[in-house]
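In case you want the letters, here they are:
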Amino acid sequence: MSARAKIGVLGASGYTGAELVRLLLRHPHTEIGLLTADRRAGKPMADVFPQFAPYDLPVLQSLDEVDWPSLGLDLVFCALPHGTTQTVIADLLARMPAMKVVDLSADFRIADPASYQCWYGQPHAAVELQKTAVYGLTELYRAQIKSAQLVANPGCYTSCAELALIPLLRGKAIDPDEIVIDAKSGMTGAGRAAREEMLFSEVSEGFHAYGVGHHRHMAELDQEFSKAAGRDVVVSFTPHLVPMNRGILSTIYVRGPKASPQDLHALLAKAYAGEPFVHVLPFGRLPQTRHVRGSNITFVGVAADRVAGRAIIISALDNLTKGASGQAVQNMNLMLGFPETAGLEQVALFP
């Protein structure tokens, strides 16, 4: 790998794409060689996101107009809508077999094509390629990500919950049948498309649950929790939309039949000792979304429930950074042989 890798961002006109550009502009080992958009094709990036006005960035291109061989890209981030990404990536890798890809959609996260079809309502269009995809929860799949060509970046809700629970499931410290995840997300988690239910007057001064009993992230949670537990796990998960821009807070209720809340805290602290982007707070201290805003860090806290044998675990991350683009850059660093923390060491913005 040369000193500076050339990177493309497909779907750069959305919130996730803009966050990728923000991070890549300060990355010491990369340069941005391609930005694509659909409706915004032909526009400068600064016309879509004025914060990029001082920077020399490629003009947004339509995917149909990209001359892939001439660009010399080392890796592309794919921030396209679910359901469209499979054919785009399959076509790209057919043309450019050496290209590396980090996909931020859900299209390659679900390992079982039948499960994907059940949850997303259509057959998987790149089943053979799906078999090669590595699930991109960096702290838990680091070795596999280093040698991967295609990484399926996890969802934001799922990253927040999985980082808090997978070490406990692997350690047989909690009952897999007694997990309740109550999660809240900021508005950017719903994307940038203009929709009536996302208008300010529709969402301000209140918050609400959605996807109750059937949210698509359930498939991803069940998959990873089952793998960690070594048996089938069906999780109870309810997401809520909160009128803030960034952040996810997951309040998780678990039962540890043979492990106290203090034992669970110790297990998590040991699992993430030395990890740059997961920080386990002292026992009884709990995270807040404002403390991770704009950073690539997940905070995890553990507290005792008043019911014997139960514990409350709370995790928080920025849905656009560690929940999406930051983790994608973290995975890129591993795939291209850069220091894992490169371009990601910014402290949270507070207040």
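Note that the structure is predicted; figures quoted are calculated from it, not measured.

Reading guide: rules and limits
- Counting starts from 1 at the beginning of each chain's written sequence and moves along it residue by residue.
- Owing to the predicted nature of the model, reporting of local features is limited to residues with pLDDT of at least 70; listing and counting of side-chain atom pairs is limited to 80 or more, with chain, interface and lining totals taken over all residues.
- Only hydrogens and water are set aside; all other atoms, that is, all heavy atoms of the structure, feed into the side-chain values.
- Per the convention used, a helix needs a DSSP run of H or I reaching at least four residues, while a strand needs a run of E reaching at least two, with both numbered from the N terminus.
- Only C-alpha atoms enter the radius of gyration; for comparison, a globular chain is expected to reach 2.2 Å times N to the power 0.38, where N is the number of residues.
- Only the protein chains shown count as cover for residues, with accessible areas throughout obtained via the Shrake-Rupley method and a probe of 1.4 Å.
- Charged residues are defined narrowly, with Lys and Arg counted positive, Asp and Glu counted negative, and His plus the chain ends left uncounted.
- Charge positions come from single atoms, namely NZ of Lys, CZ of Arg, CG of Asp or CD of Glu.
- Whether two strands pair depends on DSSP finding at least two bridges between them.
- The rule for a disulfide is simple: a pair of cysteine sulfur atoms within 2.5 Å.
- Any pair of residues with heavy atoms lying within 4.5 Å of one another is described as a contacting pair.
- Helix axes use the C-alpha atoms of the stretch in contact, all axes being lines fitted to C-alpha atoms, and the angles between their N-to-C directions lie in the range 0 to 180 degrees.
- Per-residue accessibility, obtained with a 1.4 Å probe over protein chains only, is compared with the maximum for each type, and a residue is labelled buried under 20%, exposed over 50%, and partly exposed between these values.
- Aromatic pairs are defined between Phe, Tyr and Trp rings, using the six-membered ring for Trp, whenever the two ring centres lie within 6.5 Å; interplanar angles under 30 degrees are classed as stacked, those over 60 as edge-to-face, and all others as tilted.
- Throughout this description, a polar contact denotes any pair of N or O atoms lying within 3.5 Å of each other; where both atoms belong to protein, one of them has to be capable of donating a hydrogen while the other can accept it, and for residues adjacent in sequence the pair is counted only when both atoms sit in side chains.
- Taking the helix axis as origin, the arc is that swept by the directions to the C-beta atoms.
- The term nonpolar core refers to a set of buried residues drawn from Ala, Val, Leu, Ile, Met, Phe, Trp, Tyr and Cys, joined through side-chain atoms within 4.5 Å.

In this structure, what is going on with the overall build of the protein chain? I would like to understand it.
If you tally the helices and strands in the protein chain, you get twelve helices and 13 strands. Over its C-alpha atoms the protein chain spans a radius of gyration of 20 Å, differing by no more than 12% from the 20 Å that the globule rule assigns to 351 residues. Each principal axis of the C-alpha distribution contributes one length, and for the protein chain these read about 65 × 45 × 40 Å. Summing over all exposed atoms, the protein chain offers an accessible surface of approximately 15100 Å²; the carbon and sulfur share of this is 53%. Of the side chains in the protein chain, 31 bear a positive and 34 a negative charge, and the two mean positions are spaced by 5 Å.

What's the story with the pairing of strand S9 (residues 236-241) in this structure? I'm lost.
As paired elements, strand S7 (residues 179-185) and S9 share six bridges and run parallel to each other. Paired with Ala183 across the bridge in S9 is Pro239. Sheet analysis places strand S8 (residues 208-209) next to S9, joined by two bridges and oriented antiparallel. Note on S9: the bridge partner recorded for Ala209 is His240.

I'm lost on the sheet that holds strand S3 (residues 75-78) in this one. Help?
Two strands in a sheet stick together by hydrogen bonds in their backbones, pointing the same way (parallel) or opposite ways (antiparallel). Strands sit in the order S2-S1-S3-S4-S6-S5 across an open sheet of six strands; the sheet is parallel. At either end of the open sheet lies a strand with only one pairing partner, and these are strand S2 (30-35) and strand S5 (134-135). With two bridges joining them, S5 and strand S6 (residues 150-152) adopt parallel strand pairing. Bridge pairing in S6 links Tyr135 to Ala152.

Looking at this structure, I do not really get the state of the cysteines. What am I missing?
Here is the idea: a disulfide is a covalent bond, and it sits between the sulfur atoms of two cysteines. Here the structure, examined in full by the defined rule, presents zero disulfides. Take Cys156: it sits in no disulfide, and the sulfur closest to it among the cysteines is that of Cys160, at 8.8 Å.

Please clarify how the side chain of Glu224 should be interpreted in this entry.
Of note, Glu224 is situated in helix H10 (residues 217-229). What Glu224 contacts, discounting residues up to four positions off in sequence, is Tyr135, Tyr141, Glu162 and Ile166.

Just checking my understanding: could you explain the sheet that holds strand S13 (residues 310-317) for this structure?
Strands sit in the order S8-S9-S7-S10-S13-S12-S11 across an open sheet of seven strands; the sheet is mixed. Each edge of the sheet is formed by a strand with only one pairing partner; in this case those strands are S8 and strand S11 (278-280). Across the sheet, helix H11 (residues 261-271) lies against strand S10 (248-255), S11, strand S12 (298-304) and S13, angled at about 160° from S12, the strand it touches most.

Please clarify how the pairing of S12 should be interpreted in this entry.
Successive side chains on a regular strand alternate, one facing one side of the sheet and the next facing the other. Burial analysis of S12 places six of its seven residues in the buried class, which makes it a mostly covered element. By the bridge criterion, three bridges tie S11 to S12 in an arrangement that is parallel. In the strand pairing of S12, Val280 is matched with Val300. Once S12 ends, the chain turns through five residues before running back antiparallel as S13, passing Gly309 with a positive phi of about 85°.

What is the right way to read the packing of aromatic side chains from this model?
Any pair of aromatic rings gets described here by the distance separating the centres and the angle formed by the planes. Within this structure, the stated rule accounts for four aromatic pairs. Ring centres of Phe49 and Phe52 lie 6.3 Å apart, and the angle between their planes is 75°; this geometry places the pair in the edge-to-face category. Note on accessibility: Phe49 and Phe52 belong to one class, buried.

So what exactly am I meant to see when it comes to helix H5 (residues 113-120) here?
Residues that lie three or four places apart on an α-helix share one face, since the helix turns once every 3.6 residues. By the N-cap criterion, in which a side-chain oxygen at the helix start approaches the backbone nitrogen of a residue two or three places on, H5 is capped by Asp112, the distance to Ala114 being 3.1 Å. Where H5 terminates, the next one or two residues include Gly121, which has phi positive at roughly 75°.

I would appreciate a short explanation of helix H4 (residues 85-95) in the present structure.
Turning to H4, its buried residues are Thr85, Gln86, Ile89, Leu92 and Leu93. All buried residues of H4 project into a common sector of 140° when viewed along the axis, lining one side. Opposite its buried face, H4 presents the exposed residues Ala94 and Arg95, each directed more than 90 degrees away.

Looking at this model, I keep getting lost on the nonpolar core. Mind explaining?
General note: in soluble globular proteins, nonpolar side chains tend to be found buried as a group. Phe77, Leu165, Ile181 and Phe225 are the most contacted members of the largest nonpolar core, which has 77 residues in total. The biggest single contributor to this core is helix H8 (residues 156-170), with ten residues. Those residues in contact with Phe77 that lie beyond four places of it in its chain are Ile7, Gly8, Val9, Leu10, Leu20, Leu24, Val102, Leu104, Ala328, Val329 and Met332. Listed in part, the 21 residues of the second largest apolar core include Leu71, Cys78, Met96 and Ala152.

Can you help me understand the environment of Leu349 in this one?
Following the sequence through the fold, Leu349 ends up in the segment after helix H12 (321-336). Sequence spacing of Leu349 and Lys227 is 122 residues, and the spatial spacing of their C-alpha atoms is 35 Å. In this view, Leu349 contacts Arg290 and Arg293; residues no more than four positions away in its chain are not counted.

Mind showing me how you'd approach unusual backbone geometry here?
Trans is the prevailing form of peptide bonds, just as negative phi is the prevailing case for residues other than glycine. The omega angle of the peptide bond from Phe350 to Pro351 is 0°, so this bond is cis rather than trans. With respect to the element layout, Pro351 can be found in the segment after H12. The backbone phi angle of Lys172 is positive, close to 55°, even though this residue is not glycine. Relative to the assigned elements, Lys172 resides in the loop between H8 and S7.

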